[in-house]
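Inside the fold
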Amino acid sequence: MLGATARYESEHKAARIRRKLAENAAAGKPHGGHRPYGWEPDRLTVRESEAAVIREAASRVLAGEPLRSIFRDLNSRGLHNATGKPWTHPTFRNVLLHARHAGLREHNGQEIGVAAWPAIVPPETWRAVRRVLNSPDRVTTPGRGGRLHLLSGIAVCGVCGAPLRVGHSKSTEAYRCMASGCLSRHRERLEEYVEAVVIARLSRPDAASLLAPEDDGGERERAAQAAERVRQRLDEAAASFAAGVITARQLATITGQLRPELAALEAAAAPPPDRASVLGELVSSEDVAQAWDNLSPDARRTVVRLLMEIKVSRGRRGPGFSTDGIEIIWR
Ligand SMILES: [Zn+2]
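Residues numbered from 1 in each chain as written. Predicted model: local features only at pLDDT ≥ 70, side-chain atom pairs only at ≥ 80, totals over all residues. Heavy atoms only, no water.

With an unreviewed UniProt entry as reference, the protein chain is termed Recombinase family protein, source organism Micromonospora fulviviridis.

Set out below in structure tokens:
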């Protein structure tokens, strides 16, 4: 009897807390708790020194840099988390996934409207970061030997389109189509070839033109507006359900149609990576080859990903390495 009463009490309490949080969420008010990174203890005022770190991290994620590379760099610069401790993968990832930085309210993982506090990063940027961090294709873990190869998950199979990864064949390492086994290419030779192409491109007198953001003719802006309209339709559907105008099944049908549409529009609205921050040092260097050598492996991958798509098909038969079938498409 006592157990049941206690359970009733605790369930009752949990429900009350949930209701309170939902009310706060609906009113755009912050929850209590620890000071979130990027914010003063009032949870409404931006702490500019930390906001700058969030913006930098977002820009580096969108340029394709892995989280561990970013937070290790921050740790080495003495830039720690809200409690003054060094960043770890989960704490850093959580900060970047937090809707509050985009000036948005979130409840149970759903965006529920604009918050009472300002945005540190634009909502489109934050959504793009979230998409990157939640992408199942994202290569974040190094392979055997603890290193991530230059082109793993970046170069794709020219036959089936699957990303290539490094595997061992006999005694040599090779990039292989892991999905269907369409082909394999000598790891070192392929990397040397791509590196030579990158260095040659960045050494050209017109290399500075690579730093300019691409002009998309307003396509991103249009996608962002269309995404906003879809979000409104989702809100309206939820409101109709809450008011008893439509059934749960009708709501599920509507959201089932609109969610993929919204995801595609958010992808199209994603801001481009900051090319100057990725390429600036290389382009302005007297000796691009030397500057390339000085980059960390992660930074090299970021540069390759930003500059080009690489499709690898079967090469010609016979001994030696040929560049036949290696297609480089400049972005
Ligand atoms: Zn393939």
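Moving on, there is more to tell.
Attention now moves to the overall build of the protein chain. A tally of helices and strands in the protein chain yields 11 helices and eight strands. Counting only residues that meet the buried cut, the protein chain has 37% of its 331 residues in that class. Sequence separation of 24 or more characterises 55% of the internal contacts of the protein chain that already satisfy a separation of 6 or more. (Helix = DSSP H or I, 4+ residues; strand = E, 2+ residues; numbered from the N terminus. Buried < 20%, exposed > 50% of the residue type's maximum accessible area, 1.4 Å probe, protein only. Contact = heavy atoms within 4.5 Å.)

Where helix H2 (residues 48-62) meets helix H4 (residues 89-97), the closest approach of the two axes is 11 Å, and the angle between their N-to-C directions is 95 degrees. As the angle between them shows, H2 and H4 are arranged roughly perpendicular. On the side of H2, the interface is formed by Ile-54, Ala-57 and Val-61, while H4 contributes Phe-92, Val-95 and Leu-96. Each residue belonging to the contact of H2 with H4 can be placed in one class, and the counts come to six nonpolar, no polar and no charged. (Axes fitted to C-alpha atoms, helices over the stretch in contact; angles between N-to-C directions. Parallel < 35°, antiparallel > 145°, perpendicular 65-115°, else oblique. Nonpolar A, V, L, I, M, F, W, Y, C, P; charged D, E, K, R; others polar.)

All right, on to helix H9 (residues 275-283) then. Among all positions of H9, only Arg-275, Val-278, Leu-279, Gly-280, Leu-282 and Val-283 are buried. Among the structural elements, helix H6 (187-203), helix H10 (288-294) and helix H11 (297-307) are those in contact with the buried residues of H9.

Right, let's get into the sheet that holds strand E7 (residues 308-312). Read from one edge of the open sheet, three strands run E3-E7-E8, paired in mixed fashion. A strand with exactly one partner marks an edge of an open sheet, and here the two such strands are strand E3 (156-157) and strand E8 (326-330). The sheet contact formed by E3 and E7 spans two bridges and is parallel. Within the sheet, the bridge partner assigned to Cys-157 lies in E7 and is Val-312. Packing of H6 onto the sheet brings it into contact with E7 and E8, and relative to E8 it is tilted by some 30 degrees. Sheet strands in contact with H11 are E7 and E8, and its direction is about 90 degrees off that of E7. (Pairing = 2+ DSSP bridges.)

Now for the packing of aromatic side chains. Per the stated rule, a full pass over the model turns up four aromatic pairs. When the ring of Tyr-37 is compared with that of Trp-87, the centres are 4.8 Å apart and the planes differ by 75 degrees; the resulting orientation is edge-to-face. Of this pair, Tyr-37 sits in the loop between helix H1 (2-26) and H2 while Trp-87 sits in the loop between helix H3 (67-76) and H4, and the two are 50 residues apart along the sequence. The same class applies to Tyr-37 as to Trp-87, namely buried. Here the aromatic cluster, defined as three or more aromatic residues joined through ring pairs, consists of Tyr-37, Phe-71, Trp-87 and Phe-92. Lying over the aromatic face of Trp-39, Arg-100 brings its terminal NZ or CZ to 4.8 Å of the ring centre. Directly above the ring of Trp-117 sits Arg-100, whose terminal nitrogen or CZ lies 4.3 Å from the centroid. (Phe/Tyr/Trp six-rings, centres within 6.5 Å; stacked < 30°, edge-to-face > 60°. Lys NZ or Arg CZ within 6 Å of the ring centre and 35° of its normal.)

Right, let's get into the pairing of E7. Burial along E7 is one-sided: Met-308, Ile-310 and Val-312 are buried, while Glu-309 and Lys-311, pointing the other way, are not. Bridge count for E7 against E8 is five bridges, and the pairing is antiparallel. Across the sheet, Lys-311 pairs through a bridge with Glu-327, a residue of E8.

Let us look at the coordination of the zinc ion. With distances of 2.3 Å, the protein atoms coordinating the zinc ion are Cys-157 (SG), Cys-160 (SG), Cys-177 (SG) and Cys-182 (SG). One can describe the donor arrangement at the zinc ion as tetrahedral, given that its four donor atoms subtend angles of 101 to 117 degrees at the metal. Here Cys-157 falls in the buried class, since its relative accessible area comes to 2%. (Donors = N, O, S within 2.8 Å, 3.2 Å for Na, K, Ca; no water. Tetrahedral: all angles 85-135°; square planar, octahedral: opposite > 155°, others 65-115°.)

On to the pattern of salt bridges, then. Under the criterion given, the structure shown has 21 salt bridges. One salt bridge connects Glu-191 with Arg-187, and the closest N-O pair in it is separated by 2.8 Å. With Glu-191 and Arg-187 both in helix H6 and four residues apart, this pair spans about one turn of that helix. Taken as a pair, Glu-191 and Arg-187 share a single burial class, namely buried. Between Glu-309 and Arg-331 there is a salt bridge; the shortest N-O distance is 3.7 Å. (Salt bridge = Lys/Arg side-chain N within 4 Å of Asp/Glu carboxyl O.)

Position of Glu-221 relative to the elements: it lies in helix H7 (residues 219-242). Looking at Glu-221, the relative accessible area reads 48%, which means it is partly exposed. Sequence separation between Glu-221 and Pro-271 is 50 residues; the distance between their C-alpha atoms is 9.5 Å.

The first and last C-alpha atoms of H6 sit 24 Å apart over 17 residues, in line with the 24 Å expected at 1.5 Å per residue. Within H6, burial applies to Arg-187, Leu-190, Glu-191, Val-194, Val-197, Val-198, Ile-199, Arg-201 and Leu-202. (Expected span 1.5 Å × (residues − 1).)

So, about the environment of Glu-192. With respect to the helices and strands, the residue Glu-192 is situated in helix H6. Taking the relative accessible area as the measure of exposure, Glu-192 reaches 39% and is therefore partly exposed. Put simply, Glu-192 and Leu-150 are 42 residues apart on the chain and 10.0 Å apart in space, counted from C-alpha to C-alpha.

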